[in-house]
Every structure is written in C-alpha cells, then in structure tokens.
Amino acid sequence: MPKITRDQVKVPADVLADARETYIDNYMKATQGTGRLMLFACDQKVEHLNGDFYGEGIDISDSDPEHLFKIADQGVCGVMAGQRGLIARYAADYPNVNYLVKMNSKTNLVKTAQDDPYSPQLHDIEAVLAMRDNGVNVVGLGYTLYLGSEYEATMLAEAGQLVAQAHEEGLIVVLWIYPRGKAVGKDEKAPTTIAGAAGVALCLGADFVKVNPPVATEDKTSAENLAVASAAAGRTGLVCAGGSTVEAKVFLQQLHDQIYIGGASGNATGRNIHQRSLDEAVRLTKAISAITLADYDVDRALAVFNGEEDFAL
Amino acid sequence: MPKITRDQVKVPADVLADARETYIDNYMKATQGTGRLMLFACDQKVEHLNGDFYGEGIDISDSDPEHLFKIADQGVCGVMAGQRGLIARYAADYPNVNYLVKMNSKTNLVKTAQDDPYSPQLHDIEAVLAMRDNGVNVVGLGYTLYLGSEYEATMLAEAGQLVAQAHEEGLIVVLWIYPRGKAVGKDEKAPTTIAGAAGVALCLGADFVKVNPPVATEDKTSAENLAVASAAAGRTGLVCAGGSTVEAKVFLQQLHDQIYIGGASGNATGRNIHQRSLDEAVRLTKAISAITLADYDVDRALAVFNGEEDFAL
Amino acid sequence: MPKITRDQVKVPADVLADARETYIDNYMKATQGTGRLMLFACDQKVEHLNGDFYGEGIDISDSDPEHLFKIADQGVCGVMAGQRGLIARYAADYPNVNYLVKMNSKTNLVKTAQDDPYSPQLHDIEAVLAMRDNGVNVVGLGYTLYLGSEYEATMLAEAGQLVAQAHEEGLIVVLWIYPRGKAVGKDEKAPTTIAGAAGVALCLGADFVKVNPPVATEDKTSAENLAVASAAAGRTGLVCAGGSTVEAKVFLQQLHDQIYIGGASGNATGRNIHQRSLDEAVRLTKAISAITLADYDVDRALAVFNGEEDFAL
Amino acid sequence: MPKITRDQVKVPADVLADARETYIDNYMKATQGTGRLMLFACDQKVEHLNGDFYGEGIDISDSDPEHLFKIADQGVCGVMAGQRGLIARYAADYPNVNYLVKMNSKTNLVKTAQDDPYSPQLHDIEAVLAMRDNGVNVVGLGYTLYLGSEYEATMLAEAGQLVAQAHEEGLIVVLWIYPRGKAVGKDEKAPTTIAGAAGVALCLGADFVKVNPPVATEDKTSAENLAVASAAAGRTGLVCAGGSTVEAKVFLQQLHDQIYIGGASGNATGRNIHQRSLDEAVRLTKAISAITLADYDVDRALAVFNGEEDFAL
Amino acid sequence: MPKITRDQVKVPADVLADARETYIDNYMKATQGTGRLMLFACDQKVEHLNGDFYGEGIDISDSDPEHLFKIADQGVCGVMAGQRGLIARYAADYPNVNYLVKMNSKTNLVKTAQDDPYSPQLHDIEAVLAMRDNGVNVVGLGYTLYLGSEYEATMLAEAGQLVAQAHEEGLIVVLWIYPRGKAVGKDEKAPTTIAGAAGVALCLGADFVKVNPPVATEDKTSAENLAVASAAAGRTGLVCAGGSTVEAKVFLQQLHDQIYIGGASGNATGRNIHQRSLDEAVRLTKAISAITLADYDVDRALAVFNGEEDFAL
C-alpha cells in the first residue's frame, strides 16, 4: 500500500508556521496517508434537492440523511464533503469521520438557460473554525466554481480568499470547478476546458481540484485527455466527479483509468455510493479506496465490492 | 403528554460549549418540553400589509397590533414569531411570551411576474442579541428563503450565516422555505419541491423548517407526500404553514394528518388564529397545541376549541 | 394643555438600559412633553432641489437656507428635520433647535417612469453620534422608505438596522414611508396601501411614521381612512405629510381632522411653512403646534396664525 | 486685500473639537486667508485621459505631468487638486503646495449614451490620512457627483460619508456636482439644475461646491443666474468650473462676473492654466488669484497676466 | 551596466516611514538595481487557461507549471508575476525568485461581445502580507484594469486602494492597463488610448504600468507613439506587454525600440519565454535582460540568446 511520510507533504507557502503541523495532519487524514484523495460527496441535498435521495432506482435508506453518515463511518473514505449545517446536526454521533465543509451551494431550480450559475458562499470561514474548535473533526473546505459563468468573477474572488484563509488555519481546500454558462455552452467537458479548469485551481492555490472527466476525442480517450489536465494542475491534485450512478464494474474501470492513465490523484464520488443500501454502499467505498489508496487493479477491487474480500486501511 | 428530557435534545455541533445550556433552554421553551413546535406566526403586517388584519371576515380586534400579543400571552404557544421592531414595542408588557425574531421580510407589492422574490434581512443579529441582553425573552430567529428565485443565492448566504451565528449564541432557528419565482412557476407545492426545501433546511443547519403542505398526487395524499419531505429534513423538524383561514375542524384535521401521517414536528399558524376574536383565538391556540404538543385526537382538540374542555401545559 | 409624564413614555425594549433616560429626554423634547410630534420638514433641498425654495409664490427669504433655521428657532416646533450636512453648517448658531437628522435622500431628477425610487443612506449613524457628542442637539433620525419599489429590500434593510442602532443610543426614529414604483402605480395614497405602510413602520420599530394622507373613498373621508392606518401603526405614532402649500385655514382644518378623526399623533410640515416670510412662517408653526400639541380648535389656531393671539409652550 | 481672521471661519458642527484648529488651518491655507477659493484642477489625466495634455494648441511642456506641480509651486493658488497617486509621486519635491486629494475619478471612454456616469471612490480616506501623517501637505478632499445619473444614489452615499469623515479629521471638502445622465439630457447647465446642485452640496455639508456656470436665459445673464445658485448654497461656497481653454481676457471677465455678480466664492480652473507654457501658466494663476483673492478688476488682472505687474500674496 | 543608487530611488510619498527601506529594497530587487523592470509574466493559466501552455508550437515542458519557476530561477528576470496560489505551491523550492503577486485575474471564456471585461481581485492584501511574513520573497503586487469597460469603476477602485495599501507596506505595484470593452471597440491600441492608460496609472500611483504597444500611425512608428505614452506616465515607469510568441530577433528589436525610442522602462514578457524549452527560455530571459537592464544592442542580445555569450548580473 503506497504511503507517504509527513516530510513528503508539499506544504504550500501560505500555510502559516503555527498551522503547519495541523495542515500536515489534515492532509494525511484526508489522503489516508497516501497523497491520494477519496472524497465522498454529500452536498447534493442542496445541489439536486431530493431527487438524488428518493425515487426509482434509489435505495429507500437514502431518504434518511443519516444514511450518508453511516456510510462515511463504516466505509473507507478520505473525507465526507457536505454543507456546514448538515455536518453540524450529525457530527456529534459520528466523531471519527473526516469532514470537508462544502462552503457554497445552489439548487438546480434556476437553469442555465434562465441565468448563468452562481453558487453562493453560505457563511464565513469563522463559522467553520468555531465548529472545529468546538470539537468537530473538520479537515478542510470545498468550494464550487463555474468558470465561464457571468458570475465567474464573484466565485473566483470568494475561492481565492477562502484558500488563503483556509491555509492560514491549516485546512486543506478542494475546489469543484465546472465550466458552465452561456459562454461555455456544450463545451463543458471539452479537454481544453477541463485542462483550463485544472490550471485555475492551481493558481488559486487549491490542494485538490474536482473536475468532470473530459470527453474522448478522435485521437485520445477520456483518460488520455485527463492526463493533460492533470499536468496542468501541477502540484494541485486532480480528482474526477463520479457523476450519476452506473454499474460498479464500469465505474471502477473508469476510476482506474483516471488514476493510472489520466494521472488523477483520487476520486470524488457521491450518488454512485449513497443511492445504494448501506451494506452495498460501504463495500463500494472500500472498492473505490482499494483502487485510489492502495493501487488495486479493477478485478480485485470488484471482489471487494462483491464482498469476496474485505478492504481496510 | 409526551415530554423529552434535556438530555434528549440533539444539540447541533455548532452550538458553542458555553451556549449549550442556553440552547437547550430555548429549545425546551420553544417546544414546551416536547420536541414539537407550535409557532404562532405574526409577521404578516409586512408580508401582507394590512390585508390580513382588517376587512371582511376579520374580527375588528385584529386591527390593533396588540391583539397578537394578547393571544400569545393568554393562549398556548411555543413561540410567537414577529419582526424585531414589533416585538420591541410590546415586549415589556408581555414578558412571558417566547419570542422568535423574524429576521427578514418583504411586502407583497412587487409580484413575482415583475421580479423574483427577495426578502431582505432587516438588521444584523447583534440587534437581536442586544435586545435579549436587555431582558427580552428571545428564544430564536426566523428567516424566509425563496428557493428557485433569481435571488436564491443572496438568501442562502444570509440564512447560512444566520444559523451559524444563532447557534453560536444558543438561539434556535426556524427557516421558512418557499420555492418561488419564474423558475418554479406553478410547482411551488409539488411534493419533490417541498421535499427539496426540507433537505436544504437541514444542510443549512436549521432546527425547524416551515414549508407549505405539498399537494396531493394521484397516488398519495398531501400528508403522505409530506412524509417524504419530513424524512428529507432529517434532524431538522418540519412544520407546515397554516395558510388562509379555514373552518376549525378542517384545520385541526389537516394538522393532525400532517403530524401523525406526514411526520411533521409541529405547526406554524398565523391568520387562522389572529383573525378571530381574542377569546376564540386563544381557544384555537389551545386546540392546536393539544394536537401538537399533547397528542390529542381531532375530536378532543375540537372540544378544546369549542370551550368544552380547557387545555394547559 | 395635554402633557405626559416621563413614566408614561412607552420606551421600546430595544433601547438599552444606559440609553433609557436619553431616549425619554429625546422623546419628551421631540413631542414637547405631549406625546405628539410637530415635525418641521426641511429636507427638500435634495428631494426637490431648489424648486421649493425659489420661484413664483415663494417668499424670497426662502432662497437663503438660513431661513429654515430662523423659523425653527423662533417658531414652535417639535423637531426640525434636515440632512446631516445642512444641520452641521448652521447648528452652532441655532443651538436650541431639536434636530432630527434625515439619514437618506434622493433628488427628483430620475423619475419613476425611468427607474423605481431608491433613497440612499448618506452616511453611517456614527457620523450623527459624533456630531451629537460634539454638542449638536440631535434628538432623532429620519429615513425614507419607498414600499413597492424594486429597491424596497435595500431600504427595508437600511431602515431596520437604523432603528435598532438609534434606539440602542437613545435616539428616536421617524420613518417616511411612501408606497411608490411601477408595482404601486396610482395606488400611492389608497387607504389599504397607507395602512400597510403604517404597519411596516411598526414592525421596523419606528417611533413615528410619516405617511401621505389616504384618499377619500365612497364610504369614508380621508381622515376616516386615516384612522384605519393609525390603528395599524399600533404603538408607532402616525403623522401625515403636509404636501404642497395650501391656504392656511384649509390646511389647519385638514390637520385637525387628521388628529381628532384620523387618530394621527401629530404632523409633518415643510413647504407650507418655509415658503412664507419669516413672520408668517413662525405664526404658522405656532398655529400648527396649537392644534397638535395643545388641542386648540381650528378657529383658535387660525387666530394664532393671524397674529390675533400668541402661542407658546 | 480682503482677509478674514481665524475667528471668522464658520467651522461646521461636524468638525470634532480636537480637529478644530486643523480645520481652520486648512481653510485658511486653501483660501489664502480670504475665505475665497482658487482651485487649480489637475484631475484630467483620468477624466479626459491624455487629450488635455498633448496635441494641437497645447504647450509641449504639458505632456510631462510634473508641469502641473511646477505651476502650483511657482504660481499663486489656493489648492492643487489631483488624485492621491499623482500627488504621492511628486509631493516630496513640491512640499509647499496645498494639496486637495480628488477622491474619485472616471475616464471619458464610456459615454452617457451607453451608460449613466458613475465616478468611483479610488480608495478610503485612511489612505489620505496616512499620507498626511507621512508629511504631505493635504488640506482637503474633493469628490465628483453626477446628480440625475442612475448611479446618483451611490455617489450621494459616498460623498455624504466622506464629508463627515473629512470634517472629523479637520479636512475641508470640495464637491464637484454635475447634473448628468439620461434623466438630465440637455439640461446640464439649466439655472434651476445648477441651483439644485448647489443646495445638494450644502445638505451634504461641503465647504465648497464646484458647478458649471448656468446658461444665460431670456431675462438673466449667466452670472445673474449663478447668483440664485450661490444663494441656494448657503454657507457652502460656490465656485465655477473653468471649462476648456479660452482667451485670457474673456476668461478673466467671466470669472470677475461670477464672483462680483454671481456671488461665487472663487474659481476652479485647470486646462486654461496648464495647457500653457510654464511662464504663461504661472502668470495666469496670478491673474486669477488677483481677482479671486484680492478683488482686482479685470484690467489690472490682465496686466498681471501680461507680466506688466506681478502679483503675490 | 547602468545602475542606480538607493538614494536615487524616487520613493513615493505614500510609502510610510517605517516601510521606506523595504520599498527601496523591493524596488532595487525588482529592477535589479537599474530602475528598469524585466517582468516575467506567468499569469496566463487563468487569463488564457491551458491554451498558452500546451499545443502545437509549444514546448512540451511548458505543460508542467513548474517550468515557469525553473525559468525564473535559472534565467535573469526582475520579477516573476503570477497568482498568489501558484506562487504558494512552488515558492518553498524556489526561494530566490522575486515574486510579484498578480492580485486579479479572469478567464477568457466570456468574450467582450457577451459582457465587458472585469477581472476580480482574488483575495485581500493581507493574504499576500501573511505569505511574505511567512518567508516568501514577495516584492510587489500586480493588478489588471480594463479602462473603458462598463466595470471600469470597480477596477479603478480596487486598484486605487491596492496601491495605497501596498505602498504603506513597502511593496511596489505594477498595473496592467488594457482599454477594452464596447466603448473602446477597435481602439484598444490607439496611441491616444495607450497614452491615456499611462496617465491613469500615474494618477493611481503605480510604480510601473504595463500597456500594449500602440499601433503605428501615418506619421509615427509604434515606438514613437509609445514615447508620448511614456511621457504621460511621468514618474510611473512604462513597460510593454510582449504578446504572442514571435521570432527572437524581431522580438528583441521591438523591445530595443520600445526602450530606446519609446522611452519604456523595461518589458513584460510571458509566452515568448515560457513556450520554449527550458534552456532556450533561460537564454531568452538573458537576452531580454541584456537589453533592458544592461543597454546591450540587439545584435549582442541575440548572441546571448543564441548561447554565443552568457549574460549575468
């Protein structure tokens, strides 16, 4: 199992001296000591309202928000990402989960055809620090940026300030960057656009950036195109959004390609996990982590998912 | 009569240690020690101007704003919700009422056809804390959010920050969430929309969320659809808005269904109460509280309303 | 002459304990110890530019801004309302006038047909408190709100915060509330609209609200319609704007009706006073105050205006 | 030569006690002890870009920004008005000039036909105070307001706050007020508009207001119309903008009329001065000051301009 | 090699006394003791996304962001300009580079046809000062302003405040000023526009301004037109943007003309350098610096570029 030492963590220069050990602690927790990120995305109750949690094809256990915490607690994840308020209401009962506070969110009610997207920051960073001081195991922050939106400027400014403040306090930062809006149109997943998003995350100083996998082109597979984006991200680790639920084997193969062909530094998966029953969801987090954090191949990861083999760190 | 103990209160993790007892005090006051909320809504003098207080079918006593305080004082309620200024002018004479300060409000003059709704925060939280320190019995805050409005972002940000600040100070928070605006159109009360609103409240960390009852659908009654929303709200208690004045029996049956079929954690009622004479209004608060806080059935609650039986906590 | 005692002043609960005596002082000064307000409105140099001060039918003395201060000094008024800067330039020479600082103002250059009205706050409250600490006799603040404007939200928020801050410091607050904008159209003076404005002032916590007199309707005179608004204002005193200059007897009769039929708690008069010569203007303030503060009937007030009888407090 | 004593300075009531002597110092410096202002306007490098400094009919020495400082240093002026940054780069070499920091500016690239004008405040007042504490001889602030612009509200608010802050610190304030925008159209220099602007400056508490000279009307000359505006300005001194370069005699006659017929309290001149060679520009400042500060008639001032007579204070 | 002494540095008057030595240190570092600036521009990963770093005609080494730091480290530059986050992630490994933090940035996704350009400030200056205190060798700040944009006001205000704050702290400031937007149209590089931009930079107090070279006109070459802009910039040094990659000899000749005919105080070059292999890029920085900092002629600079001669300071 590939591990890094605390000395190998590339601490950015905006982490203040007295927050340096905290930053390393958080980085090691979030990456489970591997430098790779397995992010369990749980911010959809705002982003997609209740549609991701209840309905056809979704296990009924997902209709109770506590399902998310049970998975994070029993499964193998780097961080569970959710809004501050959601975390606040359950964290006391799930103290060992590594929380990443998703700082901004919007609903899907207003479509891009009506207005370009803007996702507002829901509170200041002090609200997160207070909760951390209060004993909640917060290791980092997340923020979503829609590049190419007419509100890009506001989001760039909020994200830029957040990264600076988070690093000063020893928190890691994951940026979700999705090119979107009238100016982007159908190019949301074009390889050049995705690579651009990766570079922006680096310039903002993020520790990780979550992007959509680029489309395949005539000459390159999606994973090969992803490799260009991973390079553009430089010292910012790149992970791909999981998207809607697909069959486990397909999903695990994509993930393996993203990391071992595309140079991704992990994964960010939400619906694919939590729309399943608790047991199945827990096994999927283990299969994903086996690939992400322990270099398993797809077949062995699938065995983990199928319960033929357990996986623990 | 169902009661909870102080230990059973699920204190959210953003309530700071030194505000923990205050939070529990406020939660117990607001729910009268039951975990359920009977909210007497008195914010309509801004929201609907004078139309809810004077005119045909409205008891003349309602034209004097003090009517609201007399009802809250003599009836049985969890909290009386109104704007800070309104409370400030009468609270000295009604010191025992539990006040919930409604932080934002708009009038009904600009219609959605002209502009999507935005309800501005009327003052900072310090203005409320000062009043509390000055001796006013403030137990919590309220805030209205129009999801799907083009101003959704501003309201999400104001609400998110408010919950964090209120919890730090030991105040409970009730969010009024109404999907509304060009993007929502006629779906304001669609079950999926209402369930989405409930989940957003949880992610913002609210203690209670006030929503409109969802419409009935082909396969489900309104109360059955409400059950999905109640589940989506997780540890945030869900209560339904009372709407315009209807006959008492119909009203009490709806309320009973909301709680015992729909999983609601109480009710939020305004016009239905205050448009009546003081005596009748007081009896209605008791009938409502009998169902909400003491598990009465509809017939016995109706007896309370008819004055055949008294109800006190 | 009706007088109230200091104990009879209903001090709102947002007046902090150490500002309580100051608030009572200011309230007693502004109402000349009667609980009724005679407000001399002098904010038109911004609101109407120079058109109210120079031209046909306007006494030439009004072209010098000092005219306003001479009237306030020699006449009988509760407060003189004007912008901070105007007061700052003359107050040293007129130290005994009770000043009410009008916090916001707009010109009349941009018409409602071009854009809905917004009147910006011209400075923070600290700028007023500094001037008070510097020896200027400031007893309160004023703020204009255009309900129904597309900028209603901004003005509600500014006004709400101002009232809270002013009361904390012991200053009284008068809100000018005028429904106006595309959504209001020709209903600016409809009785329901005016009554709504009165209720909004109460919910913001104002001490007094200045509204336009409602129009007469089929079944009610203007003063009778005003009575509904006065009721809606509850513990917030309601006063009517004086409007453009009319013949003194007509004006005094209207005022008498507003108070003794319409339940108004005083008056707010500007142009009707200052467009006259100093002597005549001073006499008119005395006639108005005789009705407002001393329960004179119209005939006796007219005698005061005509100089047949003097009036002093 | 008319002089005022320190006791004759009408110190506004918002000048704090411990800044009173500083205010009087600055007022005496700016008016050279006369109560009248000779303002050398040097803010055009932003307002008009390079067009006022280079090209046909402009002396080549004006292409070097230091030209402005040489004129201010060698000529006779009350204050030199320019942006903070411009002053910062030369003040160390020209320590005796009285500087008035122009707080806001816009370029002329976006025309009124495209958007109504807004001139943003370029930095907070602390940035000016720091420079003053650092030894720069700053005596006051300037701010431009476009009344009737759709952005009037923002400028009124910025100006209102600035005057309060400047006076607290003992700085004088000059407001440039130009009615402009779609609502104003061709009435920018109508006498009623200019008089309105003068009154607004007073209500904001300005020490001086710079306006465009009103047009002549059927019954009155420009200077006679200006007299109405000067009256409306009350205790705020009114000065006229110099406009584009005209022949010296015409210019001096206009200035003399503005002061001795129009009641102006000085002048504000820029291009007319700096577009000339250093020697000629210096002589023109002396001729202007001879009229403004020393009651010379036009002929004698022209002799000063022609070098037939020197002028010094 | 032309050198200036510390005493020759014209320290602006807004550099506070206790930051004076720091300012001189930074100015001497940035100009390598010459008063001229060789700025290596590395902000394109946001401005142009990945298009400047990967693709046809671009050396593959440029796809790794660390390439930029290697060039800055091994080449000869005055400052390397990049976003705060980018610098934060590599500065620990490249401690000797002089960093200029580019405070604002936008992507190229939204075109001017859709909306006028606005480049948001990504964080406050405290975020930079914290990083400097943390040991990063930050010598100054950069900010991009689009004059003539409908958002000009916001950028003027941000830039104006930044210069004041930076100077107070002893940091130098470079403004990138590009006239752009519907109002500017095709005149982005018109000589009058460029000269105007230069004057604006001076009025904001910048130490250097980066502009596009003006076009040639009938009577003047580009460099001759540049001389007018250099004059307009006064004590603010003017440097030209390098633009897209051209043949080295052409590039060096242009640069030589800009400095020795156009009066430029250096250069600002990005793509022309980093799109080459490390070795070639390093040699180009030396050739450029030979002209900029050491008065080499073009032939000798070309010899440096070709490796026939080394260049070091």
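Rules behind the numbers
Residues numbered from 1 in each chain as written. Chains lettered and ligands numbered in written order. Predicted model: local features only at pLDDT ≥ 70, side-chain atom pairs only at ≥ 80, totals over all residues. Heavy atoms only, no water. UniProt positions renumbered as here; feature names shortened; annotations may be inferred. Helix = DSSP H or I, 4+ residues; strand = E, 2+ residues; numbered from the N terminus. Rg over C-alpha atoms; globule rule 2.2 N^0.38 Å. Buried < 20%, exposed > 50% of the residue type's maximum accessible area, 1.4 Å probe, protein only. Contact = heavy atoms within 4.5 Å. Least-squares fit on C-alpha atoms with pLDDT ≥ 70 in both. Phe/Tyr/Trp six-rings, centres within 6.5 Å; stacked < 30°, edge-to-face > 60°. Lys NZ or Arg CZ within 6 Å of the ring centre and 35° of its normal. Buried area = accessible area lost by both parts, 1.4 Å probe. Salt bridge = Lys/Arg side-chain N within 4 Å of Asp/Glu carboxyl O. Polar contact = N/O pair within 3.5 Å; in protein donor to acceptor, adjacent residues only side chain to side chain.

Named according to an unreviewed UniProt entry, chain A is fructose-bisphosphate aldolase originating from Slackia heliotrinireducens. Quoted verbatim from the Sequence similarities (unreviewed entry) heading of the UniProt record, the comment on chain A is "Belongs to the DeoC/FbaB aldolase family. FbaB subfamily."

A.B. asks: Describe in detail the overall build of chain A, supporting the description with residues and values.
C.D. replies: Of the regular secondary structure elements, chain A holds 12 helices and eight strands. Since a compact globule built from 313 residues should have a radius of gyration of about 20 Å, the 18 Å found for chain A is in line with a globular shape. Overall, chain A is about 50 × 50 × 40 Å in size when its C-alpha atoms are taken along their principal axes. Per-residue burial for chain A yields a buried fraction of 66% across its 313 residues. In chain A, 72% of the contacts between residues at least 6 apart in sequence involve partners at least 24 apart.

A.B. asks: Give a description of the relation of the copies chain A and chain E that names residues and reports values.
C.D. replies: Rotating chain A by 72 degrees and moving it 0.0 Å along the rotation axis overlays it on chain E with an RMSD of 0.0 Å. The symmetry that links the two subunits is that of a five-fold axis. Taking C-alpha positions as reference, the residue of chain A nearest the rotation axis is threonine 154 of chain A, located at 11 Å.

A.B. asks: Go over the packing of aromatic side chains, please, and point to the residues and values.
C.D. replies: For the structure on display, the rule yields 40 aromatic pairs over all chains. Between tyrosine 23 of chain A and tyrosine 27 of chain A, the ring centres sit 6.2 Å apart and the planes meet at 20 degrees, which makes this aromatic pair stacked. Of this pair, tyrosine 23 of chain A and tyrosine 27 of chain A both sit in helix 1 (residues 20–30), four residues apart, which is roughly one turn of the helix. Where tyrosine 27 of chain C meets phenylalanine 208 of chain C, the ring centres are 6.0 Å apart and the plane angle is 15 degrees; that geometry is what we call stacked. Of this pair, tyrosine 27 of chain C sits in helix 1 (residues 20–30) while phenylalanine 208 of chain C sits in strand 6 (residues 208–211), and the two are 181 residues apart along the sequence. With respect to burial, tyrosine 27 of chain C and phenylalanine 208 of chain C carry one shared label: buried. Three or more aromatic residues link up through ring pairs in this structure, and these residues are Phe69, Tyr90, Tyr94 and Tyr99 of chain A. The ring of tryptophan 176 of chain D carries lysine 102 of chain D above its face, with NZ or CZ at 4.9 Å from the centroid.

A.B. asks: Pulling in residues and values, what's your account of the interface of chain A and chain E?
C.D. replies: Each partner contributes to the interface: chain A provides 43 residues, whereas chain E provides 35 residues. At the boundary of chain A with chain E, total buried surface from both sides reaches about 3,000 Å², with 57% on carbon and sulfur atoms. Scanning the region where chain A abuts chain E turns up five salt bridges. There are 22 residue pairs in polar contact (both at pLDDT 80 or more) connecting chain A and chain E. Secondary-structure elements contributing two or more residues to the side of chain A that touches chain E are helix 6 (152–168), helix 7 (191–204) and helix 8 (222–232) of chain A. The element contributing the most residues to the side of chain A that touches chain E is helix 6 of chain A, with 10 residues.

A.B. asks: Outline the arrangement of the chains, supporting the account with residue identities and numerical values.
C.D. replies: One finds no contact linking chain A with chain D; the least C-alpha distance across the pair is 19 Å. Without any contact between them, chain B and chain E keep their closest C-alpha atoms 19 Å apart.

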